[in-house]
Amino acid sequence: MSTNNAAEHHKSAAEHHNHAAKHHQEAAKHHEAGNHEKAAHHAHLAHGHHLHAQHHANEAAKLHAEQHSPVIAHKA
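Presented here is a report on the structure given in the accompanying data block. Within each chain, residue numbers correspond to sequence positions counted from 1 in written order. Given that the model is predicted, a residue must reach a pLDDT of at least 70 before its local features are reported, and side-chain atom pairs must reach 80 or more before they are shown or counted; all residues, however, enter totals for whole chains, interfaces and linings. By convention in this description, side-chain values take in all heavy atoms of the structure and omit both hydrogens and water.

1. Some thoughts on the overall build of the chain
Here is step 1: Scanning the chain for helices and strands turns up three helices and zero strands.
Here is step 2: Here a strand is any run of E in DSSP of at least two residues, a helix any run of H or I of at least four, and the numbering for each starts at the N terminus. When the helices and strands of the chain are placed in sequence order, the string is α-α-α.
Here is step 3: Burial classes follow relative accessibility: with a 1.4 Å probe on protein chains only, a residue under 20% of its type's maximum area counts as buried, one over 50% as exposed, and anything between as partly exposed. Going through the 76 residues of the chain one by one, you find that 22% of them count as buried.
Here is step 4: Residues count as neighbours in contact if any of their non-hydrogen atoms are within 4.5 Å of one another. The contacts of the chain with a sequence gap of at least 6 include a subset with a gap of at least 24, amounting to 67%.
Here is step 5: Computed with a 1.4 Å probe, the accessible areas rest on the Shrake-Rupley method; for each residue, only the protein chains presented here act as cover. Working note: accessible area of the chain is about 5600 Å², and carbon and sulfur atoms make up 57% of it.

Structure (structure tokens):
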């Protein structure tokens, strides 16, 4: 795997974190207005983006371990 692939995972993680933050802000607005159904919808979307962000961060970390861990490097 290339370091560019790791960079892409970092960029994707950041993008999903940004989307999650926006949905959390929307959820807060709807919750304050008493519209709990819309608040829950945006909270659920935020959670989905969080899961995607976590996936990409994990993939970047795995690539880093593959490239820089002596234990993995010796097995290859």
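2. Things to note about the side chain of H23
Here is step 1: If you trace the backbone, H23 turns up in helix 1 (residues 3–32).
Here is step 2: Excluding residues that lie within four positions of it along the chain, H23 makes contacts with H42, L45, A46 and H49.

3. Overview of the environment of H23
Here is step 1: Its relative accessible area of 18% is what places H23 among the buried residues.
Here is step 2: With 19 residues separating them in the primary sequence, H23 and H42 have C-alpha atoms 5.1 Å apart.

4. What to know about the environment of H24
Here is step 1: Take H24: it is sitting in helix 1.
Here is step 2: Distance from H24 to A43, taken between C-alpha atoms, is 5.8 Å for residues 19 residues apart in sequence.

5. Quick look at the side chain of H30
Here is step 1: Mapped onto the secondary structure, H30 falls in helix 1.
Here is step 2: Other than its neighbours up to four places away in sequence, H30 contacts N35, K38, A39 and H42.

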